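In case you want the letters, here they are:
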Amino acid sequence: METKLCPIVAIANQKGGVGKTTSAINLAQALALQDLKILLVDLDPQGNATQGVGIPLESIHASISDIIRDRNFVVEGAIYKGDGLDLIPATPLLSRVEREMTSMTNSELRLSQRLQVLRSQYSLIVIDTPPTFGPLMNSALNAATQIIVPVDSSYFALMGIKELMAEVEEIQRGTNPTLSVLGYLLTLADPTNIANQTWDTLISSFGSAVFETKIRRSVKLKEAPALGKTIFHHAPDSVGAQDYLGLAHEVMTRLGIGELSSLLNQTKPTLSAIQGGCK
Ligand SMILES: Nc1ncnc2c1ncn2[C@@H]1O[C@H](COP(=O)(O)OP(=O)(O)OP(=O)(O)O)[C@@H](O)[C@H]1O
Ligand SMILES: [Mg+2]
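Residues numbered from 1 in each chain as written. Chains lettered and ligands numbered in written order. Predicted model: local features only at pLDDT ≥ 70, side-chain atom pairs only at ≥ 80, totals over all residues. Heavy atoms only, no water.

**Topic: the overall build of the chain**
Of the regular secondary structure elements, the chain holds 11 helices and six strands. Here the C-alpha atoms of the chain give a radius of gyration of 17 Å, agreeing with the 19 Å that 2.2 N^0.38 yields for 279 residues. Seen through its principal axes, the chain has C-alpha atoms that stretch 50 × 40 × 40 Å. Considering the chain as a whole, with its 279 residues, one finds that 53% of them fall into the buried category. In the chain, 78% of the contacts between residues at least 6 apart in sequence involve partners at least 24 apart. Accessible area for the chain stands at about 12,200 Å²; split by element, carbon and sulfur atoms hold 52% of it. (Helix = DSSP H or I, 4+ residues; strand = E, 2+ residues; numbered from the N terminus. Rg over C-alpha atoms; globule rule 2.2 N^0.38 Å. Buried < 20%, exposed > 50% of the residue type's maximum accessible area, 1.4 Å probe, protein only. Contact = heavy atoms within 4.5 Å. Areas by Shrake-Rupley, 256 points an atom, 1.4 Å probe, with all protein chains shown as cover.)

**Details of the pairing of strand β2 (residues 38–42)**
Of all the five residues making up β2, five are buried; the element is thus mostly covered by neighbouring parts of the structure. Neither face of β2 is left uncovered, since the one carrying I38, L40 and D42 and the one carrying L39 and V41 both have all their residues buried. When β2 meets strand β3 (residues 85–88), the two strands line up parallel, connected through four bridges. Bridge pairing links I38 to L85 in β3. (Pairing = 2+ DSSP bridges.)

**Considering the pattern of salt bridges**
All told, the structure shown has 10 salt bridges when counted by the stated rule. Across the pair R69 and E100 runs a salt bridge, and its minimum N-O distance is 3.7 Å. Linking R69 in helix α3 (residues 64–69) with E100 in helix α4 (residues 93–100), this pair joins segments that are 31 residues apart in sequence. Residue classification places R69 among the partly exposed residues on the basis of a relative accessible area of 32%. When its relative accessible area of 28% is taken as the criterion, E100 is described as partly exposed. R96 is the salt-bridge partner of E100, the closest N and O atoms lying 3.7 Å from each other. Highlighted residues: E100 and R96, both in helix α4, separated by four residues, approximately one helical turn. Taking the relative accessible area as the measure of exposure, R96 reaches 44% and is therefore partly exposed. (Salt bridge = Lys/Arg side-chain N within 4 Å of Asp/Glu carboxyl O.)

**Some points on the site of ligand 1**
If you check the shell around ligand 1, you find 18 residues, and the closest are K20, T21, T22, R216 and S218. K20 places a side-chain nitrogen or oxygen 2.8 Å from an oxygen atom of ligand 1. Relative to its unbound accessible surface of 620 Å², ligand 1 loses 84% to contact with the protein. Elements that contribute at least two residues to the shell around ligand 1 include exactly α1 (20–32) and α9 (219–223). Tallying contributions element by element places α1 first for the shell around ligand 1, with three residues. Among the residues making up the shell around ligand 1, the classes are represented as five nonpolar, seven polar and six charged. (Near = heavy atom within 4 Å. Polar contact = N/O pair within 3.5 Å; in protein donor to acceptor, adjacent residues only side chain to side chain. Nonpolar A, V, L, I, M, F, W, Y, C, P; charged D, E, K, R; others polar.)

**Here's the deal with the sheet that holds strand β1 (residues 8–11)**
On the basis of which strands lie adjacent, the open sheet formed by six strands has the order β3-β2-β4-β1-β5-β6 and parallel pairing. Two strands in the sheet have a free side with no partner beyond their single neighbour: β3 and β6 (180–187). Between one strand axis and the next, the sheet turns by 20 degrees as a mean value, whatever way the strands run. When β1 meets strand β5 (residues 146–152), the two strands line up parallel, connected through three bridges. Residue pairing in the sheet places V9 in a bridge with Q146 of β5. (Axes fitted to C-alpha atoms, helices over the stretch in contact; angles between N-to-C directions.)

In C-alpha cells form, the structure reads like this:
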C-alpha cells in the first residue's frame with residue numbers, strides 16, 4: 001500500500017509583522033484540536049513561534065539548525081512533543097546557519113529532503129517563515145506543497161505580494177513545480193476604511209483564493225505569545241480562537257483532510273502546552 005504523505009503548508013510573506021507567526025501557531029493548534037497530528041516548524045531565527053508555544057530558549061538542545069546543517073542528524077531528535085501539536089524549534093543560531101547556507105551543497109533543498117521522512121507521521125506540517133527573502137525562505141518554498149499568505153489590513157499591505165508571487169513562480173519553474181497558494185488570509189482586521197479597502201482589493205485580485213475567515217485584531221491574540229500560550233490555552237472563548245478555528249475549517253476543506261463535523265464543538269483545549277525536551 002502506498003504511504004500517504006501529508007501536505008506541508010508554509011505561512012509566507014516577506015513583509016514583517018503581518019501575522020505569520022500568530023497564524024502559524026494558532027492555525028496549527030486549531031488543527032491539532034481536531035484530532036489531527038500537526039508538526040509546527042519554526043524557520044525564523046527570531047524564534048517567535050518557538051517562544052509563542054512556550055518553549056524557553058534555554059531548554060532547547062536541538063533545533064531546525066541541526067536539521068539543515070548536519071546530514072547525519074536524526075530529524076526526530078529535534079521534535080518537541082506536545083499533545084497533537086509537535087514543534088521543531090528555532091534559535092538565533094539559525095541566522096548564522098542561513099549565512100553558512102551560501103556555501104553548503106544543495107542548501108535550499110535540504111529542508112525539503114529532511115522533512116520527507118516526517119510526512120507519513122503527521123496530518124499536516126506548518127512552517128513559520130522569516131520576513132526576508134533568502135536561503136531560509138527559499139527552503140520553505142521548496143519544502144512546501146502550499147503556502148498561506150497573510151495580508152495585514154494596512155494601506156501598504158498588498159505592495160509586496162507581487163514580489164512574493166514572483167519568487168513563488170521562480171521556485172515553481174525550478175525546483176518545486178507543484179507549489180501552489182492555498183489561500184490569502186486577511187489579518188489584523190479592524191473596522192476601518194483601510195481594512196475594508198484591503199479586503200476589497202484582495203477579493204478583486206485573488207477572488208475565491210482569499211479565505212472567507214478574517215482574523216480580527218484582538219488584545220487576547222497579542223497577549224498570548226508573551227505568556228507562551230496559543231490562543232486556545234490563553235482565551236478559548238475569544239474572537240481570536242473563533243477566527244483561527246474558522247480558518248482551520250477552511251484549511252481542512254481546501255486540503256481535504258480531517259473530519260469537519262466535530263469542528264465547532266471543540267473550541268476548548270484538552271491539551272497541555274508542548275513539553276520541552278527532545279524525544
Ligand atoms: N489578530 C491580531 N490581533 C492583535 N495583535 C496581533 C494579531 N496578529 C498578530 N498580532 C500581533 O502583531 C505583531 C506581529 O505579529 P506576528 O509576530 O504574528 O507577525 P509576523 O508576520 O510573524 O512578524 P515577523 O515578520 O516579524 O515574523 C505581534 O505583536 C502579534 O502579537
Ligand atoms: Mg514571525
